[in-house]
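Descriptive structure summary
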Amino acid sequence: MAKLEIIIAPDPRLKRVCKPVACVDARIRKLMDDMLETMHAAPGIGLAAPQVGVAERIIVVELDAADGDDPRRPYFMANPEILWTSEERATYDEGCLSLPDHYADVVRPASVRVRYLDHDNESREIEADGLLATCIQHEMDHLDGVLFVDHISALKRGIILRKLRKTHKSGAPALARP
Ligand SMILES: [Zn+2]
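Here's a quick rundown of the structure. Throughout, a residue's number is its position along its own chain's written sequence, starting from 1. Restriction of local features to residues with pLDDT of at least 70 applies here, the model being predicted, together with a cutoff of 80 or more for giving and counting side-chain atom pairs; totals for whole chains, interfaces and linings are based on all residues. For the side-chain quantities, the full set of heavy atoms in the structure was used; hydrogens and water were omitted.

Concerning the overall build of the protein chain
In DSSP terms, a helix is any run of H or I states spanning at least four residues, a strand is any run of E spanning at least two, and both are numbered starting from the N terminus. Along the backbone of the protein chain there are 3 helices and 7 strands. Along the chain direction, N to C, the helices and strands of the protein chain fall in the order α-β-β-β-β-β-β-β-α-α. All radius of gyration figures rest on C-alpha atoms, and the globule criterion is 2.2 Å times the number of residues raised to 0.38. Against the 2.2 N^0.38 benchmark of 16 Å for 178 residues, the protein chain shows a C-alpha radius of gyration of 16 Å, consistent with a compact globule. Its C-alpha atoms give the protein chain principal-axis dimensions of roughly 50 × 40 × 30 Å. Exposure is judged per residue with a 1.4 Å probe applied to protein chains only, and the accessible area is read against the type maximum: over 50% gives exposed, under 20% gives buried, and values in between give partly exposed. For the protein chain, the proportion of its 178 residues judged to be buried stands at 44%. In the protein chain, 64% of the contacts between residues at least 6 apart in sequence involve partners at least 24 apart. The sign given to each residue is positive for Lys and Arg and negative for Asp and Glu; His and the chain ends receive no count. To locate a charge, the coordinates of NZ of Lys, CZ of Arg, CG of Asp or CD of Glu are taken. Distance between charge centres in the protein chain, computed from 24 positive and 29 negative side chains, equals 10 Å. The contact criterion used throughout is that any non-hydrogen atoms of two residues lie within 4.5 Å.

Pasting the structure below:
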């Protein structure tokens, strides 16, 4: 396994619509494993392929063991599709490995039913609620070039992206500046 570099917003690679995976083969499995390692190292609870520069429909999600009776297991999902969402909504203070140190309240369906291909290319369906539902929807958004800040007001989004741009520039080595 290898740790990959996480792309920080704003970056055009985070705004692309990703392509479906034909089949979860050895190449995709390796990518899934590398994504999980990258997510653990960050650390985070979800990661989407475009965040590591790959424009394919793959996400990994793993919540903390502390999350009650939900067993700690990585969910590897290729071509995830939402089959159903609840009328009920839930609000979470979301963050993102591509927008480090920024958080905002995002409202989404409280429960979802999702179909996907797993690590073994098997078609699976799960119904998720709570943080797992939010996390899956957040990661799936990445596959369509949508970030959590796209769900909040343009004003708040502008503030966060401006700060990220500034932090980024000041973090770059002096010689690399134009
Ligand atoms: Zn994210």
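Details of the pairing of strand β2 (residues 58–61)
Of the two faces of β2, the one lined by Ile58 and Val60 and the one lined by Ile59 and Val61 are each fully buried. Only strands that DSSP links by at least two bridges are regarded as paired with each other. Of the strand pairs in this sheet, strand β1 (residues 46–48) and β2 are connected by 3 bridges, and their pairing is antiparallel. Note that in β2 the partner of alanine 48 across the bridge is isoleucine 59. As paired strands, β2 and strand β3 (residues 75–85) are joined by 4 bridges and run antiparallel to one another. If you follow isoleucine 59 over to β3, its bridge partner there is methionine 77.

Remarks on the sheet that holds strand β7 (residues 123–129)
Ordered in space as β1-β2-β3-β6-β7, the 5 strands form an open sheet in which the pairing is antiparallel. Strands at the two margins of the open sheet, each flanked by one partner only, are β1 and β7. Going from strand to strand, the sheet's axes swing by 40° on average, the running direction of each strand aside. Lines fitted to C-alpha atoms define the axes here, with helix axes fitted over just the stretch in contact, and angles between the N-to-C directions of these axes take values from 0 to 180 degrees. Of the strands in this sheet, β1, β2, β3 and β6 (111–117) touch helix α1 (residues 26–41), which is tilted by about 40° from β2.

Some words on the coordination of the zinc ion
Sites may look incomplete because water is not among the atoms; the donors themselves are N, O and S atoms within 2.8 Å of the metal, or within 3.2 Å for Na, K and Ca. On the protein side, the zinc ion has Cys96 (SG), His138 (NE2) and His142 (NE2) as donor atoms, found 2.1 to 2.3 Å from it. Read from N- to C-terminus, the donor residues coordinating the zinc ion fall into the pattern C-x41-H-x3-H. Pair noted here: histidine 138 and histidine 142 are both in helix α2 (residues 130–142), with a separation of 4 residues, about one helical turn.

So, the side chain of histidine 142
Judged by relative accessible area, histidine 142 falls into the buried class, the value being 1%. In this view, histidine 142 contacts Arg16, Cys18, Ala48, Pro50, Gln51, Cys96 and Leu147; residues no more than four positions away in its chain are not counted.

Quick look at the pattern of salt bridges
What makes a salt bridge here is a side-chain nitrogen of Lys or Arg within 4 Å of a carboxyl oxygen of Asp or Glu, nothing more. The full count for this structure, using the stated rule, is 12 salt bridges. Between aspartate 11 and arginine 13 there is a salt bridge, with its nearest N and O atoms 2.8 Å apart. Here the salt bridges share partners, and the residues they tie into one network are Glu81, Arg113, Arg115, Glu125 and Glu127.

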